[in-house]
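# Structural features, examined
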Amino acid sequence: MGKNSFNYSLDFKAVDFRQHPELYRIGVGEQGVLLVEPYKSELLPHWRFRNVAVATQSAQIIYSMFEEYLARQEFVGADMARKFLQMGFTRARRYANHKGGKKYAASPEANNAALPYPYSSGSPNKGNAILPQEQDALTNEKAQAAAVFKAYWFKAKAHPQYLAQKQAFKDKYYLP
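Below is a short write-up of the structure. (Residues numbered from 1 in each chain as written. Predicted model: local features only at pLDDT ≥ 70, side-chain atom pairs only at ≥ 80, totals over all residues. Heavy atoms only, no water.)

### A look at the nonpolar core
- In terms of nonpolar packing, the biggest core is built from 40 residues, with Tyr 24, Val 36, Leu 43, Met 80 and Leu 85 touching the most fellow members.
- Elements with a minimum of two residues in this core: α1 (39-43), α2 (52-71), α3 (75-97), α4 (141-157) and α5 (160-173).
- With 10 residues, α3 is the largest single contributor of residues to this core.
- With sequence-adjacent residues up to four places away left out, Val 36 is seen in contact with Phe 6, Phe 12, Phe 17, Tyr 24, Val 76 and Met 80. (Core = buried A, V, L, I, M, F, W, Y, C linked by side-chain atoms within 4.5 Å. Buried < 20%, exposed > 50% of the residue type's maximum accessible area, 1.4 Å probe, protein only. Helix = DSSP H or I, 4+ residues; strand = E, 2+ residues; numbered from the N terminus. Contact = heavy atoms within 4.5 Å.)

### Notes on the packing of aromatic side chains
- One pass over the full model with this rule turns up 19 aromatic pairs.
- Measuring from centroid to centroid gives 5.8 Å for Phe 6 and Phe 12, while their planes differ by 0°, and the two rings are stacked. Here the two residues Phe 6 and Phe 12 agree in accessibility, since each one is buried.
- Stacked on the ring of Trp 153, the Lys or Arg Lys 157 has its end atom at 4.8 Å from the ring centre.
- Positioned over the ring face of Phe 154 is Lys 157, at 4.2 Å from the centre of the ring. (Phe/Tyr/Trp six-rings, centres within 6.5 Å; stacked < 30°, edge-to-face > 60°. Lys NZ or Arg CZ within 6 Å of the ring centre and 35° of its normal.)

Geometric descriptors of this kind do not, in isolation, establish any biological role.
Shown next as structure tokens:
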């Protein structure tokens, strides 16, 4: 693990990242999105992507929370909100591509054990063949819901205040 990588060895049930932001690491993509408290519990109830209307309402609420965290100088909360927006996009895209949400063909044995991270985590079927994409994967309802989240995610990650707080957070808490 790199010195500034997301630290999965923490006791996430015991750490309050609002009280201990120094323990947080941004990581890559959505790392820690379902671990970092109290932000996970604040954001998760609003995260939905069933259809365009639900995704729009969800993304608007999460983006509003993102802005509130920024206004309170809570970078960890803002980054978690950004991750929830990103996860809304990736999960909706998964269901747009594969109606049942399963990307890999199933097999009785785990085929990901010898693969490097991130292929070694999650589904034991990650080493299997990828199932065919839905014919309407670029236009179906989940694809449209994904587009809603993508717009808010990109707006969040390019937000000038977010970028400034991200750099300040790294300057304060990351090792040189």
